[in-house]
Amino acid sequence: MKTHSHIAWTAAVIALALPASSGAQIAVVGSTVEERTAAPGESYTGTIVVRNLTQQDQPVRIYQTDYLFFADGTSHFSDPGTTERSNAKWITPTVRSLLVPPSSEMTVTYVVKVPADSLAGTYWSAIMVEGTPTEAGRSSGGRPQVGIGAVVRYGVQVATHIRTSGSRKVSFANSKLLTDTTTGQQTFELEVKNVGERAYRPALWIEVYDEQGSLRANTRQERGLLYPGTSLRQVFALGTLTPGTYRAIVFADSGEDAVFASQFTLKF
């Protein structure tokens, strides 16, 4: 199993770029999370658009991995079909390599065939789009150039939701209150884990009350797609609270009718 540092996610889109490079040769256009709802036995197709950012032909390799991420900041890209909820074996890209002309775009199509089995919840994996290393010694105007090889790689997540099935459950763990010794600002951090069967984008918020019951802090954040068995580290900025004892309630909305809530006592 390969392990990499956890990649930052922007808004509701989970984008993998390993590494992010100002000298990138290629880019994936559009969303890097492809979600579809399907029933067992159904098939559907998807597309990935690859753009050549250079004035030279760029070879691109297409391959598959499984994908997991955790609150400790790690991401795991294991062999396709080896994790419990992998759909990698359902997915067939139409090509495994392509040559993208200068300043052009090409489309990679893939087919997802959902097995006619008893399935519930969300299944997912990643299609990796990898450029070739920068060539040290590539000539420019007849003069050799010396450079360091670099690989730019994008992961497009392909998530299949089985109709409306699967539970959406949340758990909190490993909470802690931190104070910045320079600014005096407090933050409350905790691990949020999807312990259900279906992926969702959690809306998370915290309400902090003093001993008199007055609301002293209230902040909200929506996160990216959280898959079953994966987790994230949530950080709430509380501002500057005076020393004392506070009651904090953390809420998580997973999209179901009921909102999960948990209470914490904060002392500092």
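Remember, it's a predicted structure, so these values are computed and weren't measured experimentally.

> For the side chain of Asp 210, give the residues involved together with the corresponding values.
Among the secondary structure elements, Asp 210 is positioned in the loop between strand S18 (203-209) and strand S19 (215-222). Once residues within four sequence positions are removed from consideration, Asp 210 is found in contact with Arg 216, Thr 245 and Tyr 246.

> An account of the pattern of salt bridges is requested, with residue identities and associated values reported.
Two side chains with opposite charge may pair up if their charged atoms get near one another. Considering all chains together, one arrives at seven salt bridges under this definition. Note that Glu 130 and Arg 153 form a salt bridge whose closest N and O atoms lie 3.3 Å from each other. Pair noted here: Glu 130 is in strand S12 (residues 121-131) and Arg 153 is in strand S15 (residues 153-162), with a separation of 23 residues, a long-range link. Of the two residues, Glu 130 and Arg 153, neither departs from the other in class, the shared state being buried. Residue Arg 216 pairs with Asp 210 through a salt bridge whose shortest N-O separation is 2.8 Å. Classification of Asp 210 as buried rests on a relative accessible area of 11%. Put simply, Arg 61, Glu 130 and Arg 153 are held in one network by salt bridges that share partners.

> Break down the packing of aromatic side chains for me, citing the residues and quoting the values.
Taken as a whole and assessed by the stated rule, the structure comprises nine aromatic pairs. Each ring, one from Trp 90 and one from Tyr 123, has its centre 5.2 Å from the other, and the planes form 45°; the classification is tilted. Residue Trp 90 is found in the loop between strand S8 (74-77) and strand S9 (91-93), and its partner Tyr 123 is found in strand S12; the two are separated by 33 residues along the sequence. Side by side, Trp 90 and Tyr 123 carry an identical accessibility label, which is buried.

Rules used in this analysis
Residues numbered from 1 in each chain as written. Predicted model: local features only at pLDDT ≥ 70, side-chain atom pairs only at ≥ 80, totals over all residues. Heavy atoms only, no water. Helix = DSSP H or I, 4+ residues; strand = E, 2+ residues; numbered from the N terminus. Contact = heavy atoms within 4.5 Å. Salt bridge = Lys/Arg side-chain N within 4 Å of Asp/Glu carboxyl O. Buried < 20%, exposed > 50% of the residue type's maximum accessible area, 1.4 Å probe, protein only. Phe/Tyr/Trp six-rings, centres within 6.5 Å; stacked < 30°, edge-to-face > 60°.

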